[in-house]
Amino acid sequence: MSGIRPTGFLHLGNYFGAVRNYVRMQDAYTCYFMVADLHALTTLNETRELKGHVRRVMAENIASGLDPERVAFYCQSHVPETSELYLLLNMLAYVGELEKTPTFKEKVRLQPQNVNAGLLTYPVLQAADILLHRATLVPVGKDQEQHLEIARNYVNRFNGRYGEVFPEPYAFNFGEALIKVPSLDGAGKMSKSENQMATIYLADDDATIRKKIAKAKTDSGPAVSGASGVVQPGGESGASGVQSGGESGAGRSGGKSGAVQRGMMPGIPMSESVANLFLLLRLVSSEDVVQKFSADYEAGTIRYGDMKKELAEGMVRFVAPIREKAEAIQNDDAYLRRVMEEGAAKARSSAKVTIGLVKDAIGL
Ligand code: ADP
Ligand code: NA
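- For the chain, an unreviewed UniProt entry supplies the name Tryptophan--tRNA ligase and the organism Puia dinghuensis.
- Looking at the Sequence similarities (unreviewed entry) heading of the UniProt record, one finds this comment for the chain: "Belongs to the class-I aminoacyl-tRNA synthetase family."

So, in structure tokens, the structure goes:
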């Protein structure tokens with residue numbers, strides 16, 4: 001079980017953190033994937049475009065390989081049992097705990113004029129989405145790890161108070177570390193709403209992708225930002241001395257790392273922005289290309305301009321076919337309507353069983 005908010009075009013973070021795994025899971029597991037339009041209401045003031053965004057996100061998922069015949073692919077608000085379970089789980093959610101959730105604190109910072117209760121109880125609604133199907137595996141990016149822990153708390157409280165109904169759900173990436181696709185400006189994760197120039201969307205045209213990659217940060221040190229020439233050994237990563245956040249989460253969350261985490265000189269770690277470029281390159285380019293630039297990096301002969309060109313072409317090759325398919329699907333009204341109806345029917349039949357068990361357990 002997993003979901004994506006219809007708050008804008010999907011980006012590479014959504015793809016590599018989530019959608020890719022939806023597709024990988026669809027044959028081996030019973031899957032429920034949904035577009036979280038209720039969740040979107042916590043941040044939207046304006047809902048005129050919401051339906052269009054739901055269709056777009058559905059189209060982008062299908063264009064990425066998600067097959068509505070093999071999974072239940074639905075729109076959250078079409079399954080009212082979600083809201084019913086959400087209400088019941090609210091009785092197990094402590095306000096103090098919700099107030100401490102980092103994502104809530106972040107939202108308070110971002111929209112101080114609209115700190116609604118829906119924002120506070122966002123993790124409760126998310127738990128309801130998952131528990132509604134008594135799901136155990138939740139394919140999500142690294143940013144969602146904490147929400148899964150909250151969902152497990154509700155499972156344990158519910159089971160402890162009313163009797164065993166729910167299994168514990170875990171974030172899932174086929175046994176690998178969860179993914180965090182970095183933003184191109186080196187500031188945190190790629191995200192739908194933040195810096196659009198630092199985010200590659202599945203809807204971006206080829207020229208836009210090339211432009212964004214050309215502007216991507218290669219180093220956090222001001223002296224060499226945007227440098228594309230030959231870098232002397234130790235120059236690029238040594239000179240800047242800026243090691244944002246350490247974590248090199250970039251290299252690590254990318255899974256099988258290797259070269260990325262090694263510096264050019266013993267004891268000098270690769271800068272975060274360069275590590276991010278390697279992480280992105282590894283996602284869309286062949287192993288040969290990654291090897292070549294890793295070797296150049298080690299030798300101190302890497303040309304970041306060349307690396308970015310290669311990265312841009314890899315991204316264009318990756319994004320273009322999805323973009324084109326998504327556009328065609330988005331325009332097929334009748335098809336999307338059928339997908340949503342069938343998805344909701346499948347999800348509701350699973351949801352009704354759970355709601356029955358929940359009511360029995362509580363004594364409603
Ligand atoms: P966004 O944060 O862009 O608004 P959502 O909150 O709708 O996206 O998240 C949808 C899915 O995409 C979640 O599983 C989330 O973990 C994943 N995701 C979002 N951004 C990234 C990222 N930069 N790297 C990895 N996964 C991500
Ligand atoms: Na997110």
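### Some details on the domain arrangement of the chain
So, step 1. Split by domain assignment, the chain resolves into domain 1 (2-172 + 332-362) and domain 2 (196-325).
So, step 2. Counting from both sides, the interface comprises 10 residues of domain 1 and, opposite them, 9 residues of domain 2.
So, step 3. A total of 3 residues in the side of domain 1 that touches domain 2 trace back to one element, the largest contributor, which is helix α1 (residues 12-25).
So, step 4. Split into classes, the residues belonging to the side of domain 1 that touches domain 2 amount to 6 nonpolar, 2 polar and 2 charged.

### Thoughts on the packing of helix α3 (residues 50-63) against helix α15 (residues 304-330)
So, step 1. Axis separation between α3 and α15 bottoms out at 8 Å; the angle between their running directions is 130°. Classified by the interaxial angle, the pair formed by α3 and α15 is oblique. Considering only the axes of α3 and α15, their crossing is right-handed. Between α3 and α15, the contacting residues are Arg 55, Arg 56, Ala 59, Glu 60, Ile 62 and Ala 63 on the first element and Ile 322, Lys 325, Ala 326, Ile 329 and Gln 330 on the second.
So, step 2. Among the residues making up the contact of α3 with α15, the classes are represented as 6 nonpolar, 1 polar and 4 charged.

### A look at unusual backbone geometry
So, step 1. Of note, Arg 134 is a non-glycine position whose phi angle comes to about 45°, a positive value.
So, step 2. Although it is not a glycine, Phe 174 adopts a positive phi angle of roughly 50°.
So, step 3. Position of Phe 174 relative to the elements: it lies in the loop between β5 (170-171) and α10 (206-215).

### Concerning the pairing of strand β2 (residues 32-35)
So, step 1. Side chains Tyr 32 and Met 34 of β2 all project onto a buried face; the interleaved residues Phe 33 and Val 35 project onto the opposite face, where all are buried too.
So, step 2. A crossover links strand β1 (residues 2-4) with its parallel partner β2, the connecting element being α1, and its sense is right-handed.
So, step 3. The pairing of β2 with strand β3 (residues 72-75) spans 4 bridges and is classified as parallel. Following the sheet pairing, Met 34 is matched in β3 by Tyr 74.

### Re the sheet that holds β2
So, step 1. Pairing is parallel across the open sheet formed by 3 strands, whose spatial order is β1-β2-β3. Of all strands in the sheet, those with a lone pairing partner are β1 and β3, marking the two edges. Strand-to-strand twist across the sheet, computed as the mean angle between neighbouring axes with direction ignored, equals 20°.
So, step 2. Of the strands in this sheet, β1, β2 and β3 are in contact with α3, which crosses β2 at around 145°.

Conventions and cut-offs
- Within every chain, residues take consecutive numbers counted from 1 along the sequence as written.
- Here chains are named by letter from A upward and ligands by number from 1 upward, in the order in which they appear as written.
- For this predicted model, a pLDDT threshold of at least 70 governs which residues receive local features, and a threshold of 80 or more governs which side-chain atom pairs are given and counted, while totals over whole chains, interfaces and linings are taken from all residues.
- UniProt positions are given in the numbering used here, feature names are shortened, and annotations may be inferred rather than shown by experiment.
- Domain start and stop points were drawn from an automatic or database domain assignment.
- For every residue pair, C-beta atoms are placed from the backbone, and the pair is scored as a contact if these atoms sit within 7 Å.
- Secondary structure follows DSSP: runs of H or I at least 4 residues long count as helices, runs of E at least 2 residues long count as strands, and numbering of each begins at the N terminus.
- Side-chain classes follow a simple rule in which Ala, Val, Leu, Ile, Met, Phe, Trp, Tyr, Cys and Pro form the nonpolar group, Asp, Glu, Lys and Arg form the charged group, and the remainder, Gly included, forms the polar group.
- Note on method: axes are straight lines fitted to C-alpha atoms, helices fitted across the in-contact stretch only, with angles between N-to-C directions ranging 0 to 180 degrees.
- By definition in this entry, angles of less than 35 degrees are roughly parallel, angles greater than 145 are roughly antiparallel, angles of 65 to 115 are roughly perpendicular, and the rest are oblique.
- Note: crossing handedness is left-handed where the near helix turns anticlockwise from the far helix by less than a right angle, and right-handed where it turns clockwise.
- Exposure classes come from backbone-placed C-beta atoms, where a residue is buried if 20 or more other C-beta atoms lie within 10 Å of its own, exposed if 12 or fewer do, and partly exposed in between.
- When the strands point away from the viewer, a crossover counts as right-handed if the path from the first strand over the helix to the second runs clockwise.
- Any two strands are treated as partners once DSSP identifies two or more bridges connecting them.

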